[in-house]
Amino acid sequence: MAILGIDLGTTNSLAAVWQDGKPVLIPNAFGEYLTPSVVGVDDNGSVIVGKVAKERLVSHPDKTLASFKRYMPYDRQLMLGDRPVTPAVLSSFVLRRLKEDAEQFLGEPIEEAVISVPAYFDDNGRNATKLAGELAGLRVERIVNEPSAAALYENYQEPEEKTLLVFDFGGGTLDISVVDIFHPIIEIISVAGDNQLGGDDFNRVIAQYFCHVNGLRFDALTGEQQAIILKQSELCKIALTTNPKAAMLANINGRAYSMVLDNRTLFAIAGELFKRIEAPIVRAVRDAKITLDEIDEVLLVGGSSQMPVVRSFLEELLSFDVTLSPSANSAIAKGTAVAAAIKARTPEIKNMILTDLCPFSLGIRLFNNAEEENGLFYPMIERNTTLPASREHRFFTVADGQEEIAVKIAQGEKYYFDKNLYLGELTLEVPPGPAGQESVLVRFTYDINGIIQVDVTVESTGLTKSKMIINPSIRLDEEGLRKKLEELSHIKVHPREQETNRLLLARADALFEEATGTMREDVMDKKQLFEHTLATQDARLIRNAQQQFDRYLTQLEGYFSNPFGF
């Protein structure tokens, strides 16, 4: 029985299967390979999916939903007509349609699928994707990162040694991966991305500019009018992929509005989007610890990578000629079919090996002497560690008479533990004694399927507890954690809350997110030292500490300001 490969996209989704020694795309009921990731309800309350639903985005915006993949990592309810639904449920409707089309095409039932996800999806997004598959009647034992799937297909086409930078830019997400291919091994070296950036954002920029040119206020328009302009914006964007200029027309309240747009203007009005595109590219190359000269090829996949302004921007940023893959729209789907064939131990490619890595750091909460209510985040397995991975570290009691140790687990890159994604915790009893006398060994093990095993052992007693983290369901609101910075007193302000010191601490937080390894530990040590000085409230000591800390941060920022320097 075939294992289905699925590219579950923000804008469109595709399915493929390994057949007759190659990946084969599966057509839908319209004979097309792209199925719009759109779900709606008709006037009778029945669910409609795909092309028919997309046609109703303009006429029935209150009963039609698109781009819901963006919300997969979040516990969020969306309204489909008068029905509250989750992104996982909406995605399950799309997956079920792909499953039915595949069964019709193959003439046999489909029970299992390999589904692609953005490399930068956290555990919530990955588990929501697995849940969507289960709701669609599919067993999903394997999730593959989208750039990894594209690299798999690239290796299938051209099995030669090379280092790729995979630029995967779709309708709603951006993924960057650095990949080493030395056949038959495809090794993912680093990943970075932005789960809230894609072609949809260019549509919105064009729509806003169209309104500006024509004296309209986008936010003041009705939902149906906004949908009309967004649809025309998308058509205008698509026209600019093959033409130097494109006309955009929209009829609002019986009046015709128009605009002519070229790629030069699009580049200018989308400046903020290009800054956001640059950031994950820089991080991925830096984390891979390579130079641009070591990249043999830039592989462009995803529908939005077809935009000429995007390709021109990449060539300028990377000083590298980039060409669009003929399979830009289908490379990921075909790659999932290759991954499915590997999983099924298909003889032709059973020896092909795809290594994956940890997209976000996994760590525990450390006691913060300078600010007890704000525990620190200590990474146990850092981002871009090749999977499977296992790491162990020893931790000690911090208080006299301490009778238990709580090991709290999170995923992320933030300096403070509570600003990361909480995954769970373990509590163990320890014999009371002086601070630092008792210790625990903490081991994190993370496998290629995203399952985290945490083992904690009290060294003096041998007591061991374990926790397997498969389906975290809590997403913390990072914005809410910043509110306390607003509680400043004009009469008496602790040095930690003064503007100069807050800025220094914020700069350190940003560098902590950028750094890895010993450099990250050094940032943590330097920040803790500065916080301890602030806690003394001694003005002279603080002035000296400010100067030293500022010099250190400035030097490190200089290191990171050169995008690809080391």
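Coordinates for the structure precede this section.
Residues numbered from 1 in each chain as written. Predicted model: local features only at pLDDT ≥ 70, side-chain atom pairs only at ≥ 80, totals over all residues. Heavy atoms only, no water.

Quick look at the overall build of the chain
Then comes step 1: Across its full length, the chain carries 13 helices and 28 strands.
Then comes step 2: Its C-alpha atoms give the chain principal-axis dimensions of about 75 × 60 × 55 Å.
Then comes step 3: Per-residue burial for the chain yields a buried fraction of 53% across its 566 residues.
Then comes step 4: Pairs at least 24 residues apart make up 66% of the contacts formed inside the chain by residues separated by at least 6 positions.
Then comes step 5: Accessible surface, the chain: about 25200 Å² in total, of which carbon and sulfur atoms supply 49%.
Then comes step 6: For the chain, the distance from the average position of its 58 positive side-chain charges to the average position of its 80 negative side-chain charges is 3 Å. (Helix = DSSP H or I, 4+ residues; strand = E, 2+ residues; numbered from the N terminus. Buried < 20%, exposed > 50% of the residue type's maximum accessible area, 1.4 Å probe, protein only. Contact = heavy atoms within 4.5 Å. Areas by Shrake-Rupley, 256 points an atom, 1.4 Å probe, with all protein chains shown as cover. Lys, Arg positive; Asp, Glu negative; His and termini not counted. Charge placed at Lys NZ, Arg CZ, Asp CG, Glu CD.)

What about the pattern of salt bridges?
Then comes step 1: Tallied over the full model, the rule gives 25 salt bridges.
Then comes step 2: Two residues, E413 and R383, come together in a salt bridge whose shortest N-O distance is 3.3 Å. Placement of the pair is E413 in the loop between β24 (404–411) and β25 (421–429) and R383 in the loop between β21 (376–381) and β22 (386–387), with a sequence separation of 30 residues. The residues E413 and R383 share a single accessibility class, namely buried.
Then comes step 3: Salt bridges here are not isolated pairs; linked through shared partners, they connect D287, E382, R383, E413 and R520. (Salt bridge = Lys/Arg side-chain N within 4 Å of Asp/Glu carboxyl O.)

Things to note about unusual backbone geometry
Then comes step 1: Of note in this structure, N253 is not a glycine but carries a positive phi near 55 degrees.
Then comes step 2: Locating N253 in the fold gives a position in the loop between β15 (245–252) and β16 (255–262).
Then comes step 3: The exposure class assigned to N253 is exposed, which follows from its relative accessible area of 69%.
Then comes step 4: A positive phi is found at R345, a non-glycine position, where the angle reads about 60 degrees.

Describing the packing of aromatic side chains
Then comes step 1: All chains considered together, the criterion is met by 13 aromatic pairs.
Then comes step 2: Taking 4.6 Å as the distance between ring centres and 35 degrees as the angle between the ring planes, the aromatic pair formed by Y120 and F360 counts as tilted. In this pair, Y120 is assigned in the loop between β10 (112–117) and α3 (123–135) and F360 in the loop between β19 (353–357) and β20 (362–366), connecting sequence segments 240 residues apart.
Then comes step 3: The class of Y120 is buried, set by a relative accessible area of 10%. (Phe/Tyr/Trp six-rings, centres within 6.5 Å; stacked < 30°, edge-to-face > 60°.)

Here's the deal with the nonpolar core
Then comes step 1: Counting residues in each nonpolar core, the largest one holds 53 residues, and the members touching the most others are F167, F202, I229, I277, I281 and V310.
Then comes step 2: By residue number, the principal contributor to this core is helix α8 (residues 271–288), which donates seven residues.
Then comes step 3: Listed in part, the 33 residues of the second largest apolar core include A15, M72, A132 and L138. (Core = buried A, V, L, I, M, F, W, Y, C linked by side-chain atoms within 4.5 Å.)

Structural notes on α3
Then comes step 1: In a regular helix each residue adds 1.5 Å, so 13 residues correspond to 18 Å; α3 covers 18 Å between its end C-alpha atoms and thus fits that length.
Then comes step 2: Of all the 13 residues making up α3, 10 are buried; the element is thus mostly covered by neighbouring parts of the structure.
Then comes step 3: Burial in α3 covers these residues: D123, N124, G125, R126, N127, A128, T129, K130, A132 and G133.
Then comes step 4: At the N-terminal end of α3, a side-chain oxygen is found 3.1 Å from the backbone nitrogen of N124, two or three residues along, and the residue is D122.
Then comes step 5: Where α3 ends, the next residue or the one after it, G137, has phi of about 85 degrees, a positive value. (Expected span 1.5 Å × (residues − 1). Polar contact = N/O pair within 3.5 Å; in protein donor to acceptor, adjacent residues only side chain to side chain.)

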